[in-house]
Amino acid sequence: MAFKIIVCAKQVPDTNEITIDFEKGTLKRDGVPSIMNPDDANALEEALRIKDMYPNVHITVITMGPPQAKSILMEALAMGADDAVLACDKALGGSDTWATSNALAAAIEKLDGGYDLILAGRQAIDGDTAQVGPQLAEKLGIPQVTYVKELNLNSNMKNITVKRALEDGYELVKVKTPCILTATKELNTPRLMSIRGIFEACKKDTIQWNAKDLNVDVDQEVGLKASHTNVFRSFTPMPKGKGILIEADTPKESVQKLLIYLKGKHECNVIRSK
Amino acid sequence: MVIQIMNETCNLNTYKHIWVFAEQRNGKMMSVAKELIGEGHRLARQISADTKIYALLIGSGIENLVTECYQYGADGVYLIEDPLLQTFTTDGYTKVMTDAIRAYKPEIVLLGATHIGRDLAPRVAARLKTGLTADCTRLDVRIPAYIDYAKNNTTLDTSTLDSNDRNTGLLQTRPAFGGNLMATIVCPKTRPQMATVRPGVMKKLEKRDGATGELVKIKAELSQSDIRTEVVEIVKTAKKIVSLTDAEIICSGGRGLGEASGFDLLTEFADKVGGVVGASRAAVDAGWIDHMHQVGQTGTTVKPKLYFAFGISGAIQHIAGMQESNIIVAVNKDANAPIFEVADFGIVGDCHKILRELIVEWDNAEELYDAAIIK
């Protein structure tokens, strides 16, 4: 029996390339490249690392998204994944994290032969929520460890020891398969696609499933209507106006004025309270 | 208001009060827990006179923290203690927290967006089949306050908002797309409304000695077999050297620092504020500091929350590498330096003097701010 790893990945706009249209209060997304979410690439790399170390490891990459999200699946295949699934349906659009995890869980449960390990990125750079991994774990009823920065799979293919990052260190956690682990960028450095890999990937086909294939309820499980959270409003922060020149009689006074301004800035939460 | 969902009736009106997960580690309450009690206190009073703010304390041997919760503004504390809850595990904490929420039905549940809060909250929300908003930086329960915020800080067209609307529930505002976009999220159909909140954003109340409240002890229905992970050890590591690209605060120096030793003072300031030292090309070219610190088109492009430019005139190549910073503070002798064009706050003056004062006054920021607000 093969050791089956499922990697959950998301196609995201490269947020470093996004600029703001202040007139419209929206993002200028035209021409912004779409990429595989960076933490997800770490999750995939870890799966590939396990495949390099042990015989008979099978990697399936799953994503939910529009038809063009297939490009990150091709990338994953070229890096060395065995097969890839795209959950794609208009009815899945507008899903919040809970509804997304329902769709992914349905896709995972539909796969033949179950799974031993699910790897996902800690969070995606567009939403930064870090919620889908744990919500998927709950839906599937399996344990989770998030913020994984080091992973060791025992050769019995059952016991896993991970370092889970904390703000001021880490905890060493033992967990058994099957489980979900979410990857941070400290975990590894994702490999590049090889020429041979790209060639091989072109011969492989991705599986595409719609809501009906997934057997999900489009009113109560997935999509905008089923989502528990809705966007009430979205907007951009105010464009920068002219700055404030601080005038004071002494350096001490100007510094004090500056600190009062900085503390009052809502988004400037870097001056932490003691 | 009664809404039919998931074939169950979720009567929103049966949910009342605000809960804050008072995260503690090793018997010490996290700062964000106190901040959230303060914020929860503010929201509770705005919802209604009889809405209360409760702290939820989970752990083992932590009853001594109950008083601290009262002191920072909690009306009451739900305390769940069990040896199995000594260290955080997703399974253990999820079970007892979910059971408590089901039993007492709070309307709002807030957690700090820490590595623990962000692990626990989605698991709890999924088990309760309710909505969760991540990493909030602002919470509102009253539309007029939200409109006021939106008008003064955002590009949102507030004419579409009805200031008499009382049915929006908790308005949870958070940044997305790397802070380029803000979204306000609501959870209209299910309860509780859950959110994680970024540490350091909300304001804790002044500590009130002698404060007291209502203590409710909840028995944990938990067995060893419920917990499927084992925490072998918790290791604290020394503060890592943060790279320029990851830094929240960057303190950069330029030729205006006068000499190489100016960077010693700058480093002292950076250490004080938990920031990373950056430099202009001029300072690097002068041999005052290594190239790895260079910010700009030919150095590193940075986007910290707070960028200080000391004695940097503001050549285009430098500005290109730092103009996306959330807040830019410039200090320069020359009032006509181009750096002031991109700065949010500017001080014309001697960098060394300003740096020395900043080192002295930094820790007083909160007191200075509070005093200024009261005026």
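The next thing to look at is the sheet that holds strand E16 (residues 249–253) of chain B. Taken in spatial order, the six strands line up as E15(A)-E20(B)-E19(B)-E18(B)-E16(B)-E17(B) in an open sheet, and their pairing is parallel. Since the sheet does not close on itself, it has two edges, and those belong to strand E15 (244–246) of chain A together with strand E17 (276–279) of chain B, each with one partner. When the angles between neighbouring strand axes are averaged without regard to direction, this sheet yields 20°. Judged from the five bridges that link them, strand E18 (residues 306–310) of chain B and strand E19 (residues 327–332) of chain B form a sheet pairing that is parallel. Pairing of Ala309 of chain B across the sheet is with Ala330 of chain B, part of E19 of chain B. In this fold helix H6 (residues 262–273) of chain B packs onto E16, E17 and E18 of chain B, with an angle of close to 170° to the strand it touches most, E16 of chain B.

So, about H6 of chain B. Residues and elements named next belong to chain B. With twelve residues, H6 extends 17 Å from end C-alpha to end C-alpha; this agrees with the ideal 16 Å at 1.5 Å per step. Among all positions of H6, only Gly262, Phe263, Leu266, Phe269, Ala270 and Val273 are buried. Take H6 and look down its axis: the buried residues cluster within an arc of 115°, on one side only. The secondary structure elements touched by the buried residues of H6 are E16, E17, E18 and helix H10 (351–361). Looking at the residues trailing H6, positive phi occurs at Gly274, about 70°.

Looking now at the nonpolar core. Core analysis: the biggest nonpolar cluster contains 136 residues, and Val7, Leu44 and Ala103 of chain A together with Val20 and Leu56 of chain B have the highest contact counts within it. With eight residues, the single largest contributor to this core is helix H3 (residues 97–110) of chain A. Sequence-distant contacts of Val20 of chain B, that is, excluding residues within four places in its chain, are made with Ala33, Leu36, Ile37, Gly40, Ile53, Ala55, Leu56 and Leu110 of chain B. Listed in part, the 48 residues of the second largest apolar core include Val331, Ile347, Leu355 and Leu358 of chain B.

Contact residues are listed per partner, giving 76 residues for chain A and 80 residues for chain B. Elements with a contribution of two residues or more to the side of chain A that touches chain B: H3, helix H4 (132–140), strand E9 (144–153), strand E10 (159–166), strand E11 (169–176), strand E14 (230–235), E15 and helix H8 (251–264) of chain A. Broken down by element, the residue count for the side of chain A that touches chain B peaks at twelve residues, all from H8 of chain A. Looking at the side of chain A that touches chain B residue by residue, the class counts come to 36 nonpolar, 23 polar and 17 charged.

With that settled, the discussion passes to the domain arrangement of chain A. Here the domain parsing of chain A yields domain 1 (3–226) and domain 2 (242–274). When each unit is reduced to the centre of its C-alpha atoms, the spacing between domain 1 of chain A and domain 2 of chain A is 42 Å.

All names here are of chain A. With respect to the helices and strands, the residue Leu48 is situated in helix H1 (residues 38–53). Sequence separation of Leu48 and Ile125 is 77 residues, and the distance between their C-alpha atoms is 22 Å. Not counting the four nearest positions on each side in its chain, Leu48 is found in contact with Ile59, Met79, Gly80 and Arg191.

Here we come to the packing of helix H3 (residues 90–104) of chain B against helix H4 (residues 117–128) of chain B. Residues and elements named next belong to chain B. Between H3 and H4, the least distance of the axes is 9 Å, while the angle of their chain directions is 50°. By the criterion of interaxial angle, the relationship of H3 to H4 is oblique. H3 and H4 meet at a crossing whose hand is right-handed. Contacts from Thr90, Tyr93, Thr94, Met97, Thr98 and Ile101 in H3 reach Asp119, Leu120, Arg123, Val124, Arg127 and Leu128 in H4. The class makeup of the residues in the contact of H3 with H4 is six nonpolar, three polar and three charged.

When its domains are assigned, chain B resolves into domain 1 (10–143 + 161–226) and domain 2 (249–374). Spacing between the C-alpha centres of domain 1 of chain B and domain 2 of chain B amounts to 37 Å.

Residues and elements named next belong to chain A. Counting through the fold element by element, Leu44 comes out in helix H1. Judged by C-beta crowding, with 30 C-beta atoms within 10 Å, Leu44 ranks as buried. In sequence terms Leu44 and Met79 are 35 residues apart; their C-alpha atoms lie 8.7 Å from each other. Not counting the four nearest positions on each side in its chain, Leu44 is found in contact with Val7, Ala9, Val61, Ala76, Met79, Ala81 and Pro190.

The rules behind these values
In this numbering scheme, every chain counts its residues from 1 along its sequence in written order. Each chain gets a letter, beginning with A, and each ligand a number, beginning with 1, in the order they are written. Local features in a predicted model are, by the rule used here, given only for residues with pLDDT of at least 70; side-chain atom pairs are given and counted only at 80 or more, and totals for whole chains, interfaces and linings are based on all residues. Criterion used throughout: strands pair if DSSP finds at least two bridges between them. Helix and strand labels come from DSSP, where a helix needs a run of H or I of at least four residues and a strand needs a run of E of at least two; each type is numbered from the N terminus. Comment: axis = line fitted to C-alpha atoms, over the contacting stretch for helices; angle = value between 0 and 180 degrees taken between N-to-C directions. Once C-beta atoms are placed from the backbone, any two residues with those atoms within 7 Å are in contact. Any helix carries an expected span of 1.5 Å times its number of residues minus one. The exposure label follows from counting other C-beta atoms within 10 Å of a residue's C-beta, where the C-beta atoms are placed from the backbone and the thresholds are 20 or more for buried and 12 or fewer for exposed, leaving partly exposed in between. In this description, the arc belongs to the directions extending from the helix axis to the C-beta atoms. Take the buried Ala, Val, Leu, Ile, Met, Phe, Trp, Tyr and Cys residues, join any whose C-beta atoms are within 7 Å, and the set you get is a nonpolar core. Residue polarity follows a fixed list, in which Ala, Val, Leu, Ile, Met, Phe, Trp, Tyr, Cys and Pro are nonpolar, Asp, Glu, Lys and Arg are charged, and the others, Gly among them, are polar. What fixes the domain bounds is an automatic or database domain assignment. With respect to orientation, any angle under 35 degrees is reported as roughly parallel, any angle over 145 as roughly antiparallel, any angle of 65 to 115 as roughly perpendicular, and every other angle as oblique. Handedness of a crossing is defined here by the sense of rotation of the near helix relative to the far one, left-handed for an anticlockwise turn of less than a right angle and right-handed for a clockwise turn.

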